[in-house]
Amino acid sequence: MKRPAITINVSDIAERETSFAKEMFAPLAGMGLTFTRMMQNVSGKIRPTISYPEERRSYSERYRGAHILTAREDGSPRCVACYMCATACPADCIYIEPGEHPDPHIEKYPTRFEIDMLRCVFCGFCVDACPEEAIIMSRETEICAFSRDETIWGIERLMRRPELAEFGLGYRPNAELVDSRLAFVPKEKLIMSMPNSITLKEKAEMIPHVTFDPRK
Amino acid sequence: MPKFTLNDQEIEAKPGQTIIQAAIDHGISIPHYCYHPDLPIDGNCRMCLVEVEKMPKLTPACTTLASEGMIARSNNDRVKEAVRGVLEFLLINHPVDCPVCDQAGECRLQDYYMVYGLHTSEIPLDMKVRKRKVVDLGEMVVLDQERCILCSRCVRFFDHVTGTGEMQFFGRGDHNSIGTFEDRPLTNPYSGNVVDICPVGALTSRDFRFKARVWFLHSTDSICVGCSTGCSTRVDHRDGTIFRMIARRNPEVNKSWMCDEGRLSFHRLQQWERIARPMRKSVDGMQAPITWEEAFISVDSNLKEIASKHGRESVLGFASASATNEALFLFNRYMSEKIGATHFEFRLDGEDRTVTEKEDEILRRLDKNPNTTGAIKLGFANEHLGGIRGAIEAARSGKLKAAVIIYFKPLIARAGDDEKEALIADLVNALEYSVVIAPYKANWQKAASVLLPVAAWTEEEGTYTNYQGRVQFAGQAMLAEGDAMPAWEVFAGLLYASGESRLWLSFDEVFQSMKESVTIFHNITLEQARREGALATE
Ligand code: SF4
Ligand code: SF4
Ligand code: SF4
Ligand code: SF4
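What you see is a predicted model, and the numbers here were worked out from it, not measured in a lab. (Residues numbered from 1 in each chain as written. Chains lettered and ligands numbered in written order. Predicted model: local features only at pLDDT ≥ 70, side-chain atom pairs only at ≥ 80, totals over all residues. Heavy atoms only, no water.)

1. Points about empty space enclosed by the protein
Residues and elements named next belong to chain B. The condition is simple: Put simply, the grid is 1 Å and covers the protein atoms alone, a cavity is a trapped set of points that fit a 1.4 Å probe, a pocket is an open set with protein on both sides within 12 Å along at least five of seven lines, and lining residues have an atom within 4 Å of a point. Grid points are joined across faces, edges and corners, and a volume is the space filled by probe spheres set on the points. All residues other than Ala, Val, Leu, Ile, Met, Phe, Trp, Tyr, Cys, Pro, Asp, Glu, Lys and Arg, Gly among them, are scored as polar; the first ten of these are nonpolar and the last four charged.
A full pass over the atoms with the stated rule returns six cavities of 30 Å³ or more. In this structure, the largest cavity encloses a volume near 120 Å³. Lining of the largest cavity is provided by 13 residues; of these, Val-225, Ser-322, Phe-408, Leu-411 and Trp-457 occupy positions nearest its centre. For the lining of the largest cavity, the class distribution of residues is 10 nonpolar, one polar and two charged.

Encoded structure:
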């Protein structure tokens, strides 16, 4: 059987009609648009430009930025040094050294947990692999440093860096299921408004000074 | 020979074999926990159930003798359903804490769950019976009672292999758990074996605990060089570091066992300081680094000069019973053909006597060298000098002028090791010209005229001849440190420097040459040596 030709609806756009009057008016219309935008900017109605870094754009809840190690109730890392993240990591940038935990029901914990932030490709596989929800991601993107050593983040920085509050939580697929905590101390000026320990289930707005959201 | 059918395949069993044994021999795997080829059969885990025609119920393959005309099946739905049921029962109270369990990756529960189970547990976490975790059982073993599946392999090991009976089950029903009386530590010199045979993570190794996840490790088949028994082992390593050594099954030598000292012996290998480069003593009496090429040429010309000036009897080839057959073969060839030496020795303390003497009734032997038989058979025990003491005397009286000495420190320490090493030092001091070939640094080596670094065990391929005369292969797990090269390569270099037309470039070539020129090795193939070893017979 011969297949019928596929018909695609194509709207017929006629050649733009033009006239002498329209051509004369076009620059004026353009300048009018420019002027309107200028007035909108001046009056603060819209602001396509933001003053980074004091202001930042807000990223999606699923943004894959720098990692966070979550904490137990007592503030120690939830991580049990199982190496699932290190096994899944395609960049081979997670280094773990395990130790014997005094509580036999926890048994194992990391004495060292390091992520080489320059090698990391921010794929989030480590978060997917973790059976304990011990590693999640933040929306932090700024990983600048003055030396190579500083780009290797240890447990302390992964868990408790004070600037975490400015960026907020990123990719954490099991947020609704697990009661893992963050154990960081926000920077001084934020202490009043921020709790220093929240659970992932709480919906905390942690990005106080983002002023521009292109979706709104 | 009873013939029977398993999964529509005709199988010929050996008389007295059970279904599972015949199946394993023919490459058919039947899931099991409690069955172990080197332990008495118990039939308690119920994982190996098979269907046998004309039997009303499923029957365990490990306790049912294979008999003529029997038709058995291990792969139909009825069997799979039963195995799945058994697995579900085993997992009822299992903690499934694989993330912190050292067995993960080589755990039979994980493996069979992926093949037969894949069920969702019906037991909520808080209803599981909790038992004790991290129970300290001494130097070698850590016990986790929750993970035990009560297969009794460890109990049978201590009852029937060592005969000491340390482990037993306590309690009944759900609370049945494994342990030692009053948590007494296991002091048995073979207790590390229960870690190997425990199919789950209930017994884990104190030494290997949390050191590495097993899937990161590479495995190399090797043998233990701790004593003249030469147990077959597997060395697990990563990035040039050995993480553990476990026993490899070899029914002819060690069954599935090895001693604890041997199991931990690799630690010493990694602690000792190594010689980095070839060294030669210069006129001021200090050693300075030289290249291998310079070393070969200078050693060869010096030895030849001494031999022509003082006669062939003034040169000694002093081997080590820890060197490989290949190294000893080329050593002998170089010394006898190129230098014309007649004195060959390796004995520090009557090793040729102690090589077969037992230290205990299971595996360990008095001689702490892996290749004493090889050294004897390759001609390093002629009676002219009668051991190292004779050699020292000859050197002091001026009859002996030069020697090439290989020295490997034993990996398992015994009283008297230091005295033996002091004898080597005495020999070096008494000689006019000495070439010392060794992997590890020692103070007395400063007196040597030439010092050549060689690879240690696990850094080279080689064969060793154990107390039975069995030639076994040990593989290479890592590269040698610094400029060190395998000892056979040193002698291949010396032979070449001395005008030999042939240059041996690989272990296989040396093995082949050795096989051709030494009668007792004629019938041995490398494949045999790699598996269970082959007897070197006259
Ligand atoms: S995000 Fe990807 S690359 Fe980075 S640490 Fe995790 S797994 Fe590795
Ligand atoms: S996967 Fe999770 S628990 Fe395991 S080592 Fe990584 S962060 Fe720790
Ligand atoms: S014994 Fe096996 S199944 Fe049990 S926790 Fe250990 S690895 Fe997991
Ligand atoms: S400890 Fe291991 S070997 Fe012993 S009974 Fe339990 S599972 Fe079997």
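We are not done yet, so read on.
2. Structural notes on the nonpolar core
Residues and elements named next belong to chain B. Operational definition: Only buried residues count toward a nonpolar core. Its members are Ala, Val, Leu, Ile, Met, Phe, Trp, Tyr and Cys residues joined through side-chain atoms within 4.5 Å. With a 1.4 Å probe rolled over the protein chains alone, any residue whose accessible area is under 20% of its type maximum counts as buried; one over 50% counts as exposed, and the rest are partly exposed. A helix here means a DSSP run of H or I that spans at least four residues, while a strand means a run of E at least two residues long, and both kinds are numbered starting from the N terminus.
Counting 63 residues, the largest nonpolar core has Tyr-33 and Trp-457 as its most contacted members. Where this core is concerned, the elements lending two or more residues are helix 2 (77-90), helix 3 (108-117), strand 7 (141-143), helix 4 (153-161), helix 5 (193-197), strand 13 (241-247) and helix 7 (266-271). Considering every element that reaches this core, the biggest residue donor is helix 2, with five residues. By size, the runner-up hydrophobic cluster in this structure holds 59 residues, among which are Phe-296, Ala-487, Leu-495 and Phe-511.

3. Concerning helix 12 (residues 387-396) of chain B
Residues and elements named next belong to chain B. What counts here: By definition, residues are in contact when any of their heavy atoms lie within 4.5 Å.
Summarising burial for helix 12: seven of the 10 residues are buried, a large majority. Listed in full, the buried residues belonging to helix 12 are Gly-387, Ile-388, Gly-390, Ala-391, Ile-392, Ala-394 and Ala-395. Elements that come into contact with the buried residues of helix 12 comprise strand 16 (315-318), strand 17 (343-345) and helix 13 (417-430). Trailing helix 12 by a residue or two, Gly-398 shows a phi angle of about 90 degrees, which is positive.

4. Concerning the domain arrangement of chain B
Heads up, the rule is: For the purposes of this description, domain bounds are those given by an automatic or database domain assignment.
In terms of domain boundaries, chain B breaks down into domain 1 (3-90) and domain 2 (293-352 + 365-454 + 483-516). Computed over C-alpha atoms, the centres of domain 1 of chain B and domain 2 of chain B are 55 Å apart.

5. A few points about the sheet that holds strand 7 of chain B
Residues and elements named next belong to chain B. Inclusion rule: Two strands pair if DSSP finds at least two bridges between them.
Taken in spatial order, the three strands line up as 6-7-10 in an open sheet, and their pairing is antiparallel. Edge strands, defined here as strands with exactly one partner in the open sheet, are strand 6 (135-136) and strand 10 (203-205). Two elements, strand 7 and strand 10, share three bridges in a ladder whose sense is antiparallel. Across the sheet, the residue bridging to Leu-143 is Leu-203, located in strand 10.

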